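Overview (structure and organization)
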Amino acid sequence: LNMTVEETVYKSAVADLGGIPILLTIVSEGSALARHNALGALRNLTLDHDRNKVAIGTSAEAMLQLSQWMSTVDPISCERTLGIFYSNTVRQDCLQQVLRPNRMATLVQLLDENFPALQELAAGIFSNLAADPKGRNETVKAEAIPRLVATCVTGTDLGRERAAACLRSLAAASTQHSQVIVHAKAIQPLVGLLSEGTINAQTHAAATLLNLTHGHDKHNDIILKAGGVPPLVALLESPEMASREFAAAVLWRISTGHKGQNLVLDAGGIPGLVALLQAESQAAQVNGSGALANVSRLPKSKDVVVEVGGVPPLLSLVVLDLPELQHNTITTLLNVSLCHAGRVAIEEAGGIPALVPLLATGQNDTPGLAAGVLHGLANESNENKEAIVDDGAIPILLTLMDAMDHPMQQDYSSAALRSLCSVESALEVLIPLQGVEAIIRLLSEGRTPGSICNAAAMLWKFSERPEYRGVLVEEGAIEALLRVVGGSVGEAQDNAFEALCNLALEQQNHTLIPKAGGIVPCLRLLSSNNVLTQQKAAALIWTLATAASNRGPIVESGGLEPLIALCESPNPDVQASAAGALMTLALKKENKPALVQANAVMPLIELVSDCESDVARANAAGALMNLALKFPKGVMTITAGGGIP
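Residues numbered from 1 in each chain as written. Predicted model: local features only at pLDDT ≥ 70, side-chain atom pairs only at ≥ 80, totals over all residues. Heavy atoms only, no water.

**A closer look at the packing of helix α17 (residues 241-254) against helix α20 (residues 282-295)**
Worth spelling out the cut-off: Inter-axis angles, ranging from 0 to 180 degrees, are taken between N-to-C directions of lines fitted to C-alpha atoms, where helices are fitted over the stretch in contact. Only DSSP runs of H or I with at least four residues qualify as helices, and only runs of E with at least two residues qualify as strands; both kinds are numbered from the N terminus onward. Each angle receives one of four descriptions, namely roughly parallel if under 35 degrees, roughly antiparallel if over 145, roughly perpendicular if within 65 to 115, and oblique otherwise. Left-handed is the label given to a crossing in which the near helix is rotated counterclockwise from the far helix by less than a right angle, and right-handed is the label when the rotation is clockwise. Whether two residues are in contact is decided by their heavy atoms: any pair within 4.5 Å suffices. Throughout this entry, Asp, Glu, Lys and Arg are counted as charged residues, while Ala, Val, Leu, Ile, Met, Phe, Trp, Tyr, Cys and Pro are counted as nonpolar. The remaining residues, Gly among them, count as polar.
Following both chains from N to C, one finds α17 and α20 inclined at 30°, their axes separated by 8 Å at the closest point. Between α17 and α20, the interaxial angle falls into the category roughly parallel. Here α17 and α20 pass one another in a crossing that is left-handed. Contacts between α17 and α20 involve Met241, Glu245, Ala248, Ala249, Leu251 and Trp252 on the former and, on the latter, Ala283, Ala284, Val286, Asn287, Gly288, Gly290, Ala291 and Asn294. The class makeup of the residues in the contact of α17 with α20 is nine nonpolar, four polar and one charged.

**Examining helix α34 (residues 466-474)**
Threshold: Partly exposed residues are those whose accessible area sits between 20% and 50% of the maximum for their type, while under 20% is buried and over 50% is exposed, using a 1.4 Å probe and protein chains only. Directions drawn from the helix axis to the C-beta atoms are what define this arc.
For α34, the complete set of buried residues consists of Tyr468, Arg469 and Leu472. Angular distribution of buried residues about the axis of α34 spans 120°; they occupy a single face of the element. As for α34, its buried residues are in contact with α31 (424-430), α32 (435-445), α33 (449-463), α35 (477-487) and α36 (490-503). One or two positions beyond α34, positive phi appears at glycine 476, with a value near 90°.

**Points about a nonpolar patch on the surface**
Heads up, the condition is: Patch membership is restricted to residues that have no salt bridge and whose relative accessible area is over 30%. Joining uses 9 Å for like charges and 5 Å for the nonpolar side chains Val, Leu, Ile, Met, Phe, Trp and Tyr. Here the Shrake-Rupley method, with its probe set to 1.4 Å, supplies the accessible areas, and only the displayed protein chains count as covering residues. Take a side-chain nitrogen of Lys or Arg and a carboxyl oxygen of Asp or Glu: if they are within 4 Å of each other, that pair is a salt bridge.
A contiguous nonpolar patch, built from Met3, Val9 and Tyr10 and spanning about 310 Å² of accessible area, is present on the exposed surface. Here tyrosine 10 is to be found in helix α1 (residues 8-16).

**So, the packing of aromatic side chains**
Applicable threshold: Planes of paired rings set the category: under 30 degrees apart is stacked, over 60 is edge-to-face and the rest tilted, where pairs are Phe, Tyr or Trp rings (Trp by its six-membered ring) whose centres lie within 6.5 Å. Charges are assigned to positions over rings by a cutoff of 6 Å between ring centre and Lys NZ or Arg CZ, combined with an angular limit of 35 degrees from the ring normal.
Per the stated rule, a full pass over the model turns up one aromatic pair. Seen in terms of ring centroids, phenylalanine 462 and tyrosine 468 are 5.4 Å apart; in terms of plane orientation they differ by 80°. Their pairing is edge-to-face. Both residues of the pair, phenylalanine 462 and tyrosine 468, count as buried. Here the guanidinium or amino end of arginine 162 rests over the ring plane of tyrosine 86, the centre of that ring lying 4.3 Å away.

**A short note on the nonpolar core**
General note: in soluble globular proteins, nonpolar side chains tend to be found buried as a group. Where we set the bar: Definition of nonpolar core: a set of buried residues of the types Ala, Val, Leu, Ile, Met, Phe, Trp, Tyr and Cys, connected through side-chain atoms within 4.5 Å.
One finds Leu42, Phe126 and Leu251 to be the most contacted residues of the largest nonpolar core, which totals 207 residues. Among all residues touching phenylalanine 126, those that are not within four sequence positions of it are Met104, Leu107, Val108, Leu111, Thr139, Ala144, Leu148 and Cys166.

**Concerning the layout of surface pockets**
As a reminder of what qualifies: Cavities and pockets were defined on a 1 Å grid built from protein atoms only: a cavity is a group of points that admits a 1.4 Å probe but offers it no way out, a pocket is an open group of points flanked by protein on both sides within 12 Å along at least five of seven lines, and a lining residue is one with an atom within 4 Å of any such point. Grid points are joined across faces, edges and corners, and a volume is the space filled by probe spheres set on the points.
In this model, the largest pocket occupies a volume close to 150 Å³. Lining the largest pocket are Arg43, Leu47, Glu79, Gly83, Tyr86, Ser87, Ala117, Glu120, Leu121, Leu158 and Arg162. Breaking the lining of the largest pocket down by element, the ones donating at least two residues are α6 (75-88), α8 (116-129) and α11 (157-173). Per-class residue counts for the lining of the largest pocket are five nonpolar, two polar and four charged.

**Examining the side chain of asparagine 262**
The topology assignment puts asparagine 262 in helix α18 (residues 258-266). In contact with asparagine 262, other than residues within four places in its own chain, are Leu298 and Lys300.

Quick look at the structure:
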């Protein structure tokens, strides 16, 4: 017993000289003291000595002789027998002799014993068994899980540590095992171990909680209700890196929802997560950045990330060619860029030159997310826009925008380009890159409402400059814009209509817009609920009516009724544009009977007499003048309506 405590050479010598069978005989036939010493010697022989473990652990006869002492009738014999079992079950080839129903049942009972050493060894044996598939199944079958959970509460430090290690392995191996563990009400004891157990127990508890969350969202809620967030946040500062890694991973999992995010924020989790970004462990960086990506979705969390210095380490990690880490950090940067302080911090930390290359080289969805961050930075200032253009972002953004099979990427890249288009330098770069063609293609083929809206907004920007209107028309902008004006609603329709109005300022487009089918979509906008849209639609019809060839089609398409109705609008600008359109339409001889029949005279007379707008009065008077010109019925109708006074 004494010789075999440490020296490996003695352990080998005893076995080589046939000592193991003799010791087993003494266990069966010797006195109590002899049995205690023989069991102690056998335990020592198997510690850190694989050959001896195999010699004893694979022998059915040996294990049968030993197993009779797995009871508390003789606590010393039981403890030393369990010590042999514990040592042997480290090896898979020694497990079979332990996995006997009667022996498993005895081990389960020993978890309840008042002898701490026995409980510790029984928990250790289960921890070893859980490393083997059959061992795990037999452990569950023997209904050991509820006893192991209880050990996590009532056991010694070592017993709790080993019980948690067993639960960790069981939960990692099977979602079914996870459900059994949760059904045994294990989560609350595991949460308790996060702050009360040894460092190893804390690590095992955090790892078990992580395994329990895999594929079971409802388990996340149980952890939150059990008060798991504060001890997990505290564990982010553990001296044991593995504990920090697992704690961050659990926080990542349970913060996917709004409730978890708020709890992590309220528990002061952001500083600890930011600190992990600078850890030497890649797993810690990935898990910390993942949790940070979730929590930073909250509006009130974004400023906190900036305040604790989170932006510089995020930028240092986002450029690394590590897909998961890159995704987490770029997502966090995107979230942070939604607040003013975040945009300023990203720009000051050198974010623009760091992010632009990621548009081309980033992993998976990183290019699209990087475009989203650049979109936020571009909205912050014109200086940022110029810097983004100077760093060569536009050609890459165009390529991303053209990827019709990546809707998110298309949304963010088109939004970034939309922001950049407010500076002249961006427009100048886009023209030679066939940027207008790409934008029009996006307007026609975009996969999301956001990308279509962005495309229409960019064409609006281009159309504000007279020198670019010809290029827009040559590339087919009129047809594409009209499809959006006629088939969309909301901001996309508004943007497309604004661009169309600008194109209509060029005389040659007065005939091209109707030729492309533009009259009917524009007439529909006269009935919009938006006063500004009404005014601009009436003004556009007025502009188109300056071309004599359009006056007949406008009336034939039902343009008179909505224009006449707008003459009674409470808005003077709407009245002026509607009256101006009617004035121009009345120049066509064939339209005059239609105007009289549509009861246009009285609203026009009322504008002349009562309207506060000089422009509206003048246009209404011009409409009446044109209606009366060489049209006796028009004169009679105006006179009968009291128009002469």
